[in-house]
Amino acid sequence: MGFQIAIDGPAGAGKSTIARAIAAKLNFTYVDTGAMYRAMALFFLRNGIAPDDTAQIGAKCQEAEITIRHENGEQVVLLNDEPVNQFLRTEEVGNMASVSSANPQVRERLLGLQRQLAVENDVVMDGRDIGTCVLPDAQVKIFLTADSSVRAARRFKELSDKGISCDLEVIEKDIVSRDRQDSTRQFSPLRQAEDATAVDTSLLDIGQVTEAIVKIYSEKRCVFKR
Ligand code: DC
């Protein structure tokens, strides 16, 4: 079993940027579980499945084989052996992922893969239910938050930088509705684990947040026995 750092929080709180920076600094494997849910969502969209068709989502997910590999420290997600990273970061896929990730069969299908990665590697894993469900014994648990307006502005910049045209108001509305879906669903809802440290990133830069988390890690590392 490796050392486990779990980072949870709502969309746009900075989880992936921070998790990636910490993994690089500590030489850990970065695991982006949201990308796995997005790959599942891409599979449903490609198969013309409607977001509200829960029966089809539950049945069809059995045909989607999600695996990952790492290339130069980056996680590459494979959907039935096809690398799909380039298709995952659209609003359409994100909105489908928010709905389809509420399905227990979809979650069950990805849980084993996520836990296996943490057995084989020292990991920084980010998502919504890592500290509460996937890695309940993680030595470090962080819950990252930020105001929805700050999160929307970040997502707007991320998309604009990629040349994707978007509307700030629509993004904020999507973020708020995704937060609601993620935190009110029945299975593995987004919530802070009791033993997690909450970090509000609204007014902090990446360096400050990374430093704060690495400090928490260093304190825990001293008492961690392999
Ligand atoms: O972090 P993200 O935006 O890439 O995540 C996409 C969706 O996947 C998000 O709406 C919630 C879901 N998700 C989840 O339910 N559990 C996780 N561990 C990670 C993501």
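A brief report on the enclosed structure follows.

Conventions and cut-offs
- Residues numbered from 1 in each chain as written.
- Predicted model: local features only at pLDDT ≥ 70, side-chain atom pairs only at ≥ 80, totals over all residues.
- Heavy atoms only, no water.
- Helix = DSSP H or I, 4+ residues; strand = E, 2+ residues; numbered from the N terminus.
- Rg over C-alpha atoms; globule rule 2.2 N^0.38 Å.
- Buried < 20%, exposed > 50% of the residue type's maximum accessible area, 1.4 Å probe, protein only.
- Contact = heavy atoms within 4.5 Å.
- Expected span 1.5 Å × (residues − 1).
- Arc of directions from axis to C-beta.
- Pairing = 2+ DSSP bridges.
- Axes fitted to C-alpha atoms, helices over the stretch in contact; angles between N-to-C directions.
- Near = heavy atom within 4 Å.
- Polar contact = N/O pair within 3.5 Å; in protein donor to acceptor, adjacent residues only side chain to side chain.
- Areas by Shrake-Rupley, 256 points an atom, 1.4 Å probe, with all protein chains shown as cover.
- Nonpolar A, V, L, I, M, F, W, Y, C, P; charged D, E, K, R; others polar.
- Phe/Tyr/Trp six-rings, centres within 6.5 Å; stacked < 30°, edge-to-face > 60°.
- Lys NZ or Arg CZ within 6 Å of the ring centre and 35° of its normal.

Time to look at the overall build of the chain. Of the regular secondary structure elements, the chain holds 9 helices and 8 strands. The C-alpha atoms of the chain give 17 Å as radius of gyration, which agrees with the globular expectation for 226 residues (17 Å, within 12%). Viewed in the frame of its principal axes, the chain has a C-alpha envelope of about 50 × 35 × 35 Å. Counting over 226 residues, the chain shows a buried share of 49%. Residue pairs in contact within the chain that sit at least 24 positions apart in sequence constitute 75% of those at least 6 positions apart.

Moving on, we get to helix α1 (residues 15-26). Over its 12 residues, α1 runs 16 Å from end to end, which matches the ideal 16 Å to within 8%, given 1.5 Å per residue. Residues of α1 that are buried: Lys15, Ile18, Ala19, Ile22, Ala23 and Leu26. What you see down the axis of α1 is that its buried residues fit within an arc of 130°, all on one side. Among the exposed residues of α1, those oriented more than 90 degrees off its buried face are Ala24 and Lys25. Residue asparagine 27 follows α1 closely and has a positive phi angle near 60°.

Bridge analysis of strand β3 (residues 66-71) against strand β4 (residues 74-79) gives 6 bridges, and the strand direction is antiparallel. Bridge assignment links arginine 69 to a residue of β4, and that residue is valine 76. Joining the antiparallel neighbours β3 and β4 is a turn of 2 residues, in which asparagine 72 adopts a positive phi near 50°.

Turning next to the sheet that holds strand β5 (residues 82-83). Spatial ordering of the open sheet is given by β3-β4-β5, a layout of 3 strands whose pairing is antiparallel. Among the strands making up the open sheet, the edge pair consists of β3 and β5. The pairing of β4 with β5 spans 2 bridges and is classified as antiparallel. Bridging across to β5, leucine 79 finds its partner in glutamate 82. Helix α2 (residues 33-46) rests against β3, β4 and β5 of the sheet, and its axis sits at about 30° to β4.

Now for the site of the ligand. Not every one of the 16 residues close to the ligand is listed here, only the nearest: Arg38, Arg107, Arg128, Asp129 and Arg185. Here an oxygen atom of the ligand and a side-chain polar atom of arginine 128 are 2.9 Å apart. For the ligand, an oxygen atom lies 2.8 Å from a polar atom in the side chain of arginine 185. Against a free-state accessible area of 450 Å², the protein chains account for coverage of 97% of the ligand. Elements with a contribution of two residues or more to the shell around the ligand: α2, α4 (91-100) and α8 (168-184). Here the shell around the ligand takes 4 residues from α2, the largest share from any one element. Broken down by class, the residue content of the shell around the ligand amounts to 3 nonpolar, 5 polar and 8 charged.

Bringing the packing of aromatic side chains into the picture now. Going through the model one piece at a time under the given rule, you end up with 4 aromatic pairs. Ring geometry for phenylalanine 3 against phenylalanine 28: centres 6.1 Å apart, planes inclined by 55°, an arrangement best described as tilted. In this pair, phenylalanine 3 is assigned in the segment before β1 (4-8) and phenylalanine 28 in the loop between α1 and β2 (29-32), connecting sequence segments 25 residues apart. Judged by its relative accessible area of 0%, phenylalanine 3 is buried. Residue classification places phenylalanine 28 among the buried residues on the basis of a relative accessible area of 10%. Considering the side-chain rings of phenylalanine 3 and tyrosine 217, the 5.0 Å spacing of their centres and the 80° angle between planes classify their relative orientation as edge-to-face. Separated by 214 residues along the polypeptide, phenylalanine 3 in the segment before β1 and tyrosine 217 in helix α9 (residues 206-221) bring together distant segments of the chain. For tyrosine 217, a relative accessible area of 10% gives the class buried. Members of the aromatic cluster, joined through ring pairs, are Phe3, Phe28 and Tyr217. Between arginine 46 and the ring centre of phenylalanine 87, over which it is positioned, the NZ or CZ distance is 5.2 Å.

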